[in-house]
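The primary structure of each chain is shown beneath.
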Amino acid sequence: MGIPVFILAGLLVHCVFLVSIFDIYFSSPLVHGMTPHQTPLPPPAKRLVLFVADGLRADSLYELDSNNTSLAPFLRGILENNGSWGISHTRVPTESRPGHVALIAGFYEDVSAVAKGWKENPVEFDSVFNESKHTWSWGSPDILPMFAKGATGDHVYTFCYTAESEDFGAEDAAKLDTWVFDHVKSFFNSSRSNQTLFSALNEEKVVLFLHLLGIDTNGHAHRPNSREYKENIKIVDKGVEEITSMIDNFYGNDGKTAFILTSDHGMTDWGSHGAGHPSETLTPLIVWGAGVNYPQKVTSQFFEDNFLKEWKLENLKRLDVNQADIAPLMASLIGVPFPLNSVGTLPLEYLNNSAHFKAESMFTNAIQILEQFKVKMSQKKETTLSFLFTPFKPLSDSEQINFLKKARLYIQQQKYDEAVSLCKTLINLALEGLSYYHTYDRLFLGLSIAVGFVGWTTYVILVIIKTHTSLTKTVQAKNKESTVLFYGFAFVGMIIAFFLLIQTCPWTYYVYCLLPVPVWYAVAREIPVIQDLAANLLSLRVDQSIGFLLVCVLGIEILVFSFFYRSALTVGLLVFAGWPVMTQLWVQAKTTALIWTLLCVLLAIFPLMPVVGREANIPLVIASGLLTLLISCFSLASRKSENQYRNNQDLKVHVYQMLSVALSTYVVSSTHDSLKNKQGLPLLNQVISWLTLVSSLVLPLLSPTFLFQRLFSILLSLMSTYLLLSTGYEALFPLVLSGLMFVWINMEQEALQHYGLSLKPKLAGFDFACATDITQFRQLHLDDVRSFDPASVYCFLTVFSPFMMGGLLVLKVVIPFVLVSCAFEAVQVTAQLSSKSLFLIVLVISDIMALHFFFLVKDYGSWLDIGTSISHYVLVMSLTIFMMLMNGLAQLLTTKRLGLPRRTKHHST
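Keep in mind that this is a model prediction, so the values were computed, not measured.

Engineer: I'd like a description of the overall build of the protein chain, backed by residues and values.
Structural biologist: Broken down by element type, the protein chain carries 35 helices and eight strands. Across the 909 residues of the protein chain, 55% fall into the buried class. Taking all contacts inside the protein chain whose residues are at least 6 apart in sequence as the whole, residues at least 24 apart take part in 79%. Carbon and sulfur atoms provide 62% of the accessible area of the protein chain, an area that totals close to 39000 Å².

Given below as structure tokens:
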């Protein structure tokens with residue numbers, strides 16, 4: 001197999017492996033074709049007002065300051081005197097779109113929504129807004145349109161400000177909330193002179209939705225403990241008070257309006273969200289008005305978080321719910337059908353209504369979830385051979401009928417508590433059954449992917465042995481045997497395809513199940529190599545073979561372990577720090593060995609530094625820029641003295657790169673000061689930042705192709721961009737990493753000078769260890785992906801743009817990879833080792849790690865565990881694919897050169 005074909009096959013296989021996790025573990029749970037159900041009794045409210053304070057933490061709203069006063073006195077008064085309160089527990093990912101879907105549609109969105117930037121609907125779904133007679137909504141263009149697009153008919157109306165208003169660098173993000181409050185007031189005022197609108201507002205089953213984004217924006221920009229975040233809470237509290245009073249007056253205080261205030265997600269102390277920290281998953285819920293219970297006094301209550309005493313609310317009953325439970329609560333209050341895909345359980349303790357109404361509402365809730373179970377079961381039954389189908393026994397057809405008959409009988413006999421208890425049992429069983437059928441094919445698909453994984457890794461190992469060792473000689477299989485082998489595997493593939501066809505499986509099942517066939521066919525074609533390898537292994541001493549295998553397994557397990565405990569990377573780097581002491585290089589090149597040890601120790605500090613929860617340290621970024629300039633000046637002076645610059649063009653490129661680093665340092669400092677003074681992102685700084693980014697991709701190709709000159713040029717160019725994306729100590733990371741890479745190359749050269757090419761086998765062993773360490777280097781930087789801080793991209797943009805911000809974050813993570821890949825390429829040239837073999841060794845290590853994480857993926861337990869398990873697998877698989885591309889990019893950056901017009905091109909090797 002040629003190298004281009006091998007890389008293409010590798011990319012294809014790894015893309016399939018990467019996508020498979022979402023089909024196997026996180027495919028959409030939604031089903032369609034259910035009948036809407038609503039409570040048959042008249043509802044307590046005609047209309048519902050939903051306030052969602054985006055990014056509002058529960059503790060920020062409920063806590064009292066040192067003077068025992070609340071940031072939100074109106075809402076505090078409501079929960080103490082007029083309504084019910086509690087905590088709404090959100091799920092990972094704690095982002096705005098899935099949070100709003102859970103609140104308004106009643107289900108937890110699958111991960112595929114992230115591909116749409118949490119804006120578009122990856123699948124159609126029902127919502128409380130869709131079931132209402134009319135819904136009017138005000139707020140962000142990122143949230144409101146998705147509920148209007150999914151609605152049937154034209155009864156969900158949206159009023160949005162511009163996307164450019166969502167500026168993290170704005171003078172005051174609270175203006176987003178005042179915009180909403182002002183437009184709601186003017187809307188109601190205008191309705192008095194618009195008879196059509198006035199009539200619509202006075203109908204039943206009306207929803208008013210106010211999306212308040214200011215708190216979230218201020219939290220990102222200034223942190224939740226900042227004055228701006230707290231002032232924004234006060235503004236929201238005042239706005240909610242005014243809107244509540246205005247609506248009550250508009251409807252003549254008819255007592256038919258229900259109000260709900262909650263949040264889509266919380267926020268960490270350092271201004272991020274998306275993961276499963278309690279500060280992100282605990283959000284406030286305050287409900288008051290028509291049909292809602294008044295505060296319930298209690299003498300004692302216990303919750304694990306121990307917040308009640310801190311909030312001084314231990315004597316008021318706290319009613320916690322899951323975020324999806326709010327959708328059936330809203331539906332019950334205004335008497336609309338429960339959203340068809342809702343998995344929420346109606347929180348009865350919030351309702352101030354008759355026991356009959358509560359029992360009927362819970363019965364409707366149970367039927368609505370049971371409908372989803374029945375549709376899911378019939379779908380799975382249709383796509384599975386009858387003799388292979390295993391039904392969910394606790395909810396067989398007869399059991400379903402029995403549950404419903406018994407619940408209806410209890411209601412008729414006015415045994416409402418028994419009816420409610422039975423309905424809750426039925427809901428739990430239906431949800432278990434939904435999960436059972438949703439994961440029905442998981443084991444089958446998981447085994448298919450695992451077989452493909454093992455086959456691919458085995459094939460890559462055989463390729464390394466076959467082409468880059470003297471253990472085996474290429475032995476061509478006989479044509480007859482090759483033909484039999486081909487037809488044998490083709491027959492197996494046809495059997496699998498036929499089996500999937502008669503079950504009418506989705507096309508992705510064909511990909512996952514058929515992929516192992518060609519992979520293992522490629523392995524089977526190398527049977528002579530396997531036989532030769534087995535013979536050689538049997539001739540070795542058993543203890544040697546076992547020892548080598550244990551070292552390999554231990555090394556990979558440490559790398560897997562380092563994903564959970566970053567300090568393991570520190571241990572690995574400290575071991576590498578002592579490597580020269582154990583070799584002759586300590587005697588022959590003492591200075592180089594000392595520098596190697598020092599840089600390894602410095603790099604070992606980075607995994608111990610906090611990844612999240614740290615404040616921006618701009619002086620450290622500036623110091624990093626100045627240090628880069630100092631090193632550049634030293635390099636310039638030493639090369640000029642040695643006349644290493646062939647012409648003025650090379651000198652100009654070096655000077656321009658130094659200027660670029662200086663400008664980046666200035667822009668970081670200037671932008672930080674401007675945002676601190678709430679003056680926004682200066683246009684000049686933004687232009688310089690984007691020009692620097694573009695030029696950093698081209699400038700290295702204009703520099704000489706002498707080894708160290710080209711590598712230093714790559715460092716300077718990428719460093720100028722990296723500085724713009726840094727907010728603290730990480731700005732020093734590329735410098736220390738590059739220093740270690742330069743010393744690594746120098747040690748290779750020292751070794752070759754002293755020992756010649758006879759040392760190549762020993763160098764290959766060292767490079768295998770360094771290949772393992774490259775996997776460590778890349779992991780040092782991965783947590784930036786999992787702990788995204790918008791402050792990292794403020795030099796480029798401050799207006800919210802998830803894909804642009806995400807792209808810049810990925811670039812920040814990519815830069816150290818490029819540096820390591822280029823150094824790796826240089827080492828291969830210096831030591832005259834096969835680039836393909838070392839690359840394949842790293843690939844095998846990464847694939848074995850990925851297989852580990854595939855089996856460690858969770859969709860149960862704590863949501864922090866689930867989010868972490870997904871990110872581990874996706875990161876390792878993405879980086880394996882990315883590494884294949886990096887290999888080509890490194891060759892381009894280290895060997896190619898662009899010539900300017902009317903200049904003589906100089907090529908050096």
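Engineer: Before we move on, can you summarise helix α28 (residues 683-698) with the specific residues and values?
Structural biologist: In this model, α28 (16 residues) spans 23 Å end to end at C-alpha, consistent with the 22 Å of a helix rising 1.5 Å per residue. Looking at α28, one finds that the buried residues are Asn685, Ile688, Ser689, Thr692, Leu693, Ser695 and Ser696. Contacts made by the buried residues of α28 are with α27 (648-676), α29 (707-724) and α33 (802-830).

Engineer: Let's hear about the sheet that holds strand β4 (residues 156-160): which residues, and what values?
Structural biologist: As summarised here, the arrangement of the eight strands in space is β4-β3-β5-β1-β6-β7-β2-β8, forming an open sheet in which the pairing is mixed. Edge positions in the sheet fall to β4 and β8 (321-322), since each of these pairs with one other strand and no more. In this sheet, strand β7 (residues 282-289) lies alongside strand β2 (residues 84-89) in antiparallel orientation, the contact comprising six bridges. Each residue of the ladder has a partner; that of isoleucine 87, found in β7, is proline 284. Against the sheet, helix α7 (residues 175-191) engages β3 (134-139), β4 and β5 (206-212), with an angle of about 155 degrees to β5.

Engineer: Which residues make up the packing of α27 against α29, and what values go with them?
Structural biologist: In a packed pair of helices, the relevant descriptors are the angle between the two axes and the axis-to-axis distance. Relative to each other, α27 and α29 sit at 15 degrees, their axes nearing to 8 Å. The pairing of α27 with α29 is recorded here as roughly parallel in orientation. Here the hand of the crossing between α27 and α29 comes out left-handed. Between α27 and α29, the contacting residues are His654, Gln657, Ser660, Val661, Ser664, Thr665, Val667 and Val668 on the first element and Phe712, Ser713, Leu716, Ser717, Ser720, Leu723 and Leu724 on the second.

Engineer: So what about the side chain of threonine 217? Which residues, and what values?
Structural biologist: Along the polypeptide, threonine 217 turns up in helix α9 (residues 214-222). If we ignore the near neighbours within four places in the chain, the residues touching threonine 217 are Asp167, Phe168, Ala173 and Leu176.

Engineer: I'd like a description of the pairing of strand β1 (residues 47-53), backed by residues and values.
Structural biologist: Of all seven residues making up β1, seven are buried, and the element is well covered by its neighbours. Alternating positions in β1 separate into two faces, Arg47, Val49, Phe51 and Ala53 on one and Leu48, Leu50 and Val52 on the other, with burial throughout. Sheet analysis places β1 next to β5, joined by seven bridges and oriented parallel. When the sheet's bridge partners are listed, alanine 53 is paired in β5 with leucine 212. Pairing of β1 with strand β6 (residues 257-262), which is carried by six bridges, proceeds in the parallel orientation. Bridge pairing in β6 places arginine 47 opposite threonine 257.

Engineer: Quick one: what's the story with the packing of aromatic side chains, residue by residue and with numbers?
Structural biologist: Aromatic rings in a pair are described by how distant their centres are and how their planes are angled relative to each other. Applying the stated rule across the entire model yields 38 aromatic pairs. On the basis of an interplanar angle of 0 degrees and a centroid distance of 6.1 Å, the ring pair of phenylalanine 389 and tyrosine 437 is categorised as stacked. Here phenylalanine 389 is found in the loop between α14 (355-382) and α15 (397-412), whereas its partner tyrosine 437 is found in helix α16 (residues 416-438), with 48 residues between them in sequence. Of the two residues, phenylalanine 389 and tyrosine 437, neither departs from the other in class, the shared state being buried. Counting every residue linked through ring pairs, the aromatic cluster contains Trp136, Trp138, Tyr157, Phe159, Phe187, Phe188, Phe198, Phe250 and Tyr251. A cation over a ring is seen here: arginine 91 above tyrosine 108, with NZ or CZ 3.9 Å from the ring centre.

Engineer: Run through the pattern of salt bridges, naming residues and quoting values.
Structural biologist: Following the criterion strictly, the structure yields 14 salt bridges and no others. Ionic pairing is found between glutamate 203 and lysine 133, a salt bridge with its closest N-O pair at 2.5 Å. Taken together, the positions of glutamate 203 in the loop between α8 (195-201) and β5 and lysine 133 in the loop between α5 (128-131) and β3 put the pair 70 residues apart, joining distant regions of the chain. With relative accessibility at 25%, the residue glutamate 203 sits in the partly exposed group. The closest approach of N and O atoms between arginine 227 and glutamate 228, which form a salt bridge, is 3.6 Å.

Engineer: Residues and numbers for the nonpolar core, please.
Structural biologist: Of all hydrophobic cores here, the largest spans 69 residues; its most connected members are Ile260, Phe373 and Leu395. Among residues more than four places away in sequence, those in contact with phenylalanine 373 are Phe392, Leu395, Gln400, Ala430, Gly433, Leu434 and Tyr437. Counting residues in hydrophobic clusters, the runner-up holds 64 residues, among them Leu599, Leu629, Met658 and Val661.

Engineer: Mind laying out the packing of α14 against α15, listing which residues take part and the relevant values?
Structural biologist: Interhelical geometry of α14 versus α15 gives an angle of 170 degrees and a closest axis separation of 11 Å. Viewed along their axes, α14 and α15 adopt a mutual orientation that is roughly antiparallel. Taking contact as the criterion, the partners of His356, Ala359, Glu360, Phe363, Ile367, Leu370, Phe373, Lys374 and Met377 in α14 are, on α15, Asp397, Gln400, Leu404, Ala407, Arg408 and Ile411.

Engineer: Explain the confidence of the model for the protein chain residue by residue, including any values.
Structural biologist: Mean pLDDT over the protein chain: 83, with 83% of residues reaching 70 or higher. Long-range and interchain partners of residues 114-119, a stretch whose pLDDT sits below 50, account for 18 contacts in this model, where long-range means more than four residues apart. Every residue in residues 757-769 scores below 50 in pLDDT, and together they form 24 contacts with partners more than four places removed in sequence or on other chains.

Engineer: Let's hear about a nonpolar patch on the surface: which residues, and what values?
Structural biologist: On the surface, Phe387, Leu388, Phe444, Phe498, Phe499 and Ile502 cluster together into a nonpolar patch covering about 590 Å² of accessible area. Looking at the nonpolar patch element by element, the count peaks at three residues for helix α18 (residues 479-502). When you line up the elements, phenylalanine 387 lands in the loop between α14 and α15. Judged by relative accessible area, which is 65%, phenylalanine 387 ranks as exposed.

Engineer: How would you sum up the environment of isoleucine 367? Please name residues and give values.
Structural biologist: With respect to the element layout, isoleucine 367 can be found in helix α14. Taking the C-alpha atoms as reference points, isoleucine 367 and glutamine 400, separated by 33 residues in sequence, lie 9.9 Å from one another. Isoleucine 367 has contacts with His37 and Leu404, leaving out every residue within four places of it along the chain.

Engineer: Could you give an account of the side chain of threonine 628, with specific residues and numbers?
Structural biologist: Within the secondary structure layout, threonine 628 lies in helix α26 (residues 618-641). Take threonine 628: its relative accessible area is 2%, and that puts it in the buried class. If we ignore the near neighbours within four places in the chain, the residues touching threonine 628 are Val661, Leu716, Met719 and Leu735.

Conventions we followed
Along each chain, residues carry numbers from 1 onward, in the same order as the chain's sequence is written. With the structure being a predicted model, the display of local features is reserved for residues of pLDDT at least 70 and the display and counting of side-chain atom pairs for 80 or more, all residues being used for whole-chain, interface and lining totals. To obtain the side-chain values, all non-hydrogen atoms of the structure were used and water was disregarded. Per the convention used, a helix needs a DSSP run of H or I reaching at least four residues, while a strand needs a run of E reaching at least two, with both numbered from the N terminus. Only protein chains enter the accessibility calculation, which uses a 1.4 Å probe; a residue is then buried when its area is under 20% of its type maximum, exposed when over 50%, and partly exposed in between. Every residue pair with non-hydrogen atoms within 4.5 Å of one another is taken to be in contact. Here, Shrake-Rupley sampling with a 1.4 Å probe gives the accessible areas, and only protein chains in the shown set may cover a residue. Helices are assigned an expected span. That span is 1.5 Å times one less than the residue count. Strand pairing is assigned whenever DSSP detects at least two bridges linking the two strands. Note on geometry: axes are C-alpha line fits, over the in-contact stretch for helices, and angles between N-to-C directions span 0 to 180 degrees. Orientation categories follow fixed angle ranges, with anything under 35 degrees roughly parallel, anything over 145 roughly antiparallel, 65 to 115 roughly perpendicular, and all other angles oblique. Note: crossing handedness is left-handed where the near helix turns anticlockwise from the far helix by less than a right angle, and right-handed where it turns clockwise. Any Phe, Tyr or Trp ring, taking Trp's six-membered ring, that has another such ring centre within 6.5 Å forms a pair; planes under 30 degrees apart are called stacked, those over 60 apart edge-to-face, and the others tilted. A ring is considered to have a charge above it if a Lys NZ or an Arg CZ atom is located within 6 Å of its centre and within 35 degrees of its normal. Salt bridge, as used here, is a side-chain nitrogen of Lys or Arg placed within 4 Å of a carboxyl oxygen of Asp or Glu. What we call a nonpolar core is a set of buried Ala, Val, Leu, Ile, Met, Phe, Trp, Tyr and Cys residues that are connected through their side-chain atoms within 4.5 Å. For every residue, the predictor assigns a confidence score, pLDDT, that lies between 0 and 100. A patch is a set of surface residues, each over 30% in relative accessible area and not in a salt bridge, joined within 9 Å for like charges and within 5 Å for the nonpolar side chains Val, Leu, Ile, Met, Phe, Trp and Tyr.

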